[in-house]
Amino acid sequence: YNRAGEISVYSLTCTHLGCTVELDGEAFACPCHGSRFDPEGRVLAGPAQDPLRRLRVEILEDNTLMVYADGD
Ligand code: FES
């Protein structure tokens, strides 16, 4: 959730070569080559150049959170 109460969901696939990033404090860190991303998916440190991919989400009537892997 951000301060406006909106939910954002990001792919954990590193945009460098596709390893899975891991939570490290308030950032996401890639164990393969050391890229780091902030909580909004922006690159803090390379070699990754692109932000983590934001996924499309929807809250259904029964409060189920649907996450779509087909992009934003
Ligand atoms: Fe993540 Fe290379 S795959 S830094």
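Below is a summary of the structure that appears in this document. (Residues numbered from 1 in each chain as written. Predicted model: local features only at pLDDT ≥ 70, side-chain atom pairs only at ≥ 80, totals over all residues. Heavy atoms only, no water.)

## Thoughts on the sheet that holds strand β7 (residues 65-68)
If you walk across this open sheet you meet the three strands as β1-β6-β7, and the pairing is antiparallel. In the strand order of this sheet, the two ends are held by β1 (9-10) and β7, each with one partner. Bridge count between strand β6 (residues 54-59) and β7: four bridges; the pairing is antiparallel. Note that in β7 the partner of Glu58 across the bridge is Met66. (Pairing = 2+ DSSP bridges. Helix = DSSP H or I, 4+ residues; strand = E, 2+ residues; numbered from the N terminus.)

## Some words on the sheet that holds strand β3 (residues 27-29)
Strands sit in the order β2-β3-β4-β5 across an open sheet of four strands; the sheet is antiparallel. At either end of the open sheet lies a strand with only one pairing partner, and these are β2 (22-24) and β5 (43-45). Across three bridges, the pairing between β2 and β3 is antiparallel. Residue Leu23 lies in a different strand from β3, and its bridge partner there is Phe28.

## As for the side chain of Ser35
Inspection of the secondary structure assignment puts Ser35 in the loop between β3 and β4 (36-37). A residue is classified by how much of its surface remains accessible, and Ser35, at 1% relative accessible area, is buried. Looking at Ser35, its side chain comes within polar contact range of the main-chain nitrogen of Ala48, at 2.8 Å. Discounting chain neighbours no more than four positions away, the residues touching Ser35 are Cys14, Phe28, Ala29, Cys30, Ala45, Gly46, Pro47 and Ala48. (Buried < 20%, exposed > 50% of the residue type's maximum accessible area, 1.4 Å probe, protein only. Polar contact = N/O pair within 3.5 Å; in protein donor to acceptor, adjacent residues only side chain to side chain. Contact = heavy atoms within 4.5 Å.)

## Quick word on unusual backbone geometry
With omega at 20°, the peptide bond leading from Gly46 into Pro47 counts as cis. Mapped onto the elements, Pro47 comes out in the loop between β5 and β6. For Asn63, which is not glycine, the phi torsion reads 70° and is therefore positive. As for its position among the elements, Asn63 is in the loop between β6 and β7.

## Focus on the state of the cysteines
Evaluated as defined, the whole model comprises one disulfide. The partner cysteine of Cys19 in its disulfide is Cys32, sulfur to sulfur 1.9 Å. Here the disulfide of Cys19 and Cys32 is left-handed, its torsion about the S-S bond being about -95°. Residue Cys19 is found in the loop between β1 and β2, and its partner Cys32 is found in the loop between β3 and β4; the two are separated by 13 residues along the sequence. Residue classification places Cys32 among the partly exposed residues on the basis of a relative accessible area of 38%. (Disulfide = S-S within 2.5 Å.)

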